[in-house]
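# Observations on the model geometry
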Amino acid sequence: MCTIKDISKMGFRGEVEFAAKIGNVYSGKVVLNTDDHKPGKFSIRVAFAKRVCQDRYQIGAEIINGRDNWKRLFTQTAH
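This report concerns the structure included in the present document. Predicted model, so just to flag it, every value in this text is computed and none were measured. (Residues numbered from 1 in each chain as written. Predicted model: local features only at pLDDT ≥ 70, side-chain atom pairs only at ≥ 80, totals over all residues. Heavy atoms only, no water.)

Moving on, we come to the overall build of the protein. Check the secondary structure of the protein and you find 1 helix and 5 strands. Counting helices and strands in the order they occur from the N terminus, the protein gives β-β-β-β-β-α. Among the 79 residues that make up the protein, the fraction classed as buried is 30%. Considering only contacts in the protein between residues 6 or more positions apart, those separated by 24 or more positions represent 48%. (Helix = DSSP H or I, 4+ residues; strand = E, 2+ residues; numbered from the N terminus. Buried < 20%, exposed > 50% of the residue type's maximum accessible area, 1.4 Å probe, protein only. Contact = heavy atoms within 4.5 Å.)

Right, let's get into the layout of surface pockets. In this structure, the largest pocket occupies an estimated 480 Å³ of space. Residue lining of the largest pocket: 21 residues in total, with Met1, Cys2, Ile4, Lys29 and Phe42 positioned closest to the centre. Counting residues per element, the ones that place at least two in the lining of the largest pocket are strand 1 (2-7), strand 2 (11-16), strand 3 (25-30), strand 4 (40-53) and helix 1 (67-77). Here the lining of the largest pocket gets 5 residues from one element, more than from any other, and that element is strand 3. Residues that form the lining of the largest pocket fall into these classes: 16 nonpolar, 4 polar and 1 charged. (1 Å grid on protein atoms, 1.4 Å probe; cavity = no way out; pocket = protein on both sides within 12 Å on 5 of 7 lines; lining within 4 Å. Points joined across faces, edges and corners; volume = space filled by probe spheres on them. Nonpolar A, V, L, I, M, F, W, Y, C, P; charged D, E, K, R; others polar.)

It is worth spelling out the sheet that holds strand 3 at this point. Spatially, 5 strands are ordered 1-2-5-4-3 in an open sheet, and the strand pairing comes out antiparallel. Each having just a single partner strand, strand 1 and strand 3 make up the two edges of the open sheet. Strand-to-strand, the axes of this sheet are offset by a mean angle of 40°, without reference to chain direction. Note: strand 4 against strand 5 (residues 56-65), 9 bridges, orientation antiparallel. (Pairing = 2+ DSSP bridges. Axes fitted to C-alpha atoms, helices over the stretch in contact; angles between N-to-C directions.)

On any regular strand, side chains alternate: one points to one face of the sheet, the next to the other face. Relative to strand 2, strand 1 runs antiparallel, the two being bridged by 5 bridges. Bridging from a neighbouring strand, Asp6 pairs with Arg13 of strand 2. In this antiparallel pair of consecutive strands, strand 1 and strand 2, the connection spans 3 residues.

For Lys29, the location among the structural elements is in strand 3. Judged by its relative accessible area of 56%, Lys29 falls in the exposed class. Along the sequence, Lys29 and Trp70 sit 41 residues apart, while their C-alpha atoms lie 9.3 Å from each other.

The next point concerns the nonpolar core. Burial of nonpolar side chains together is a common tendency in soluble globular proteins. Counting 13 residues, the largest nonpolar core has Phe12, Phe42, Ile44, Ile59, Ile63 and Trp70 as its most contacted members. Elements with a minimum of two residues in this core: strand 2, strand 4, strand 5 and helix 1. The dominant element in this core, judged by the number of residues it contributes, is strand 5, at 4 residues. (Core = buried A, V, L, I, M, F, W, Y, C linked by side-chain atoms within 4.5 Å.)

Listed below in C-alpha cells is the structure:
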C-alpha cells in the first residue's frame, strides 16, 4: 500500500511500508473512492527512497507505464 502525499502529472511523492530501491519498477492501482470499480493500473520507477522510521519509507516515483490511468487520477485530485 502506498500513501500519496504529493502528486504531479509525471509522478508522485509518497510513503510505502517496504524498502523500495532507487531504479526499481513497481506496479500499482489507482483507487480514488469506494465507488471506483475500475481501478487504473500503472507502473512507476523509484527515483528517490529514504527510510522515515521502522517499516515506513518515503519515495519519489516517476510514472513509466499507464499514463492515461495516472492522468485520470491527477485530473480528479487536482480540482
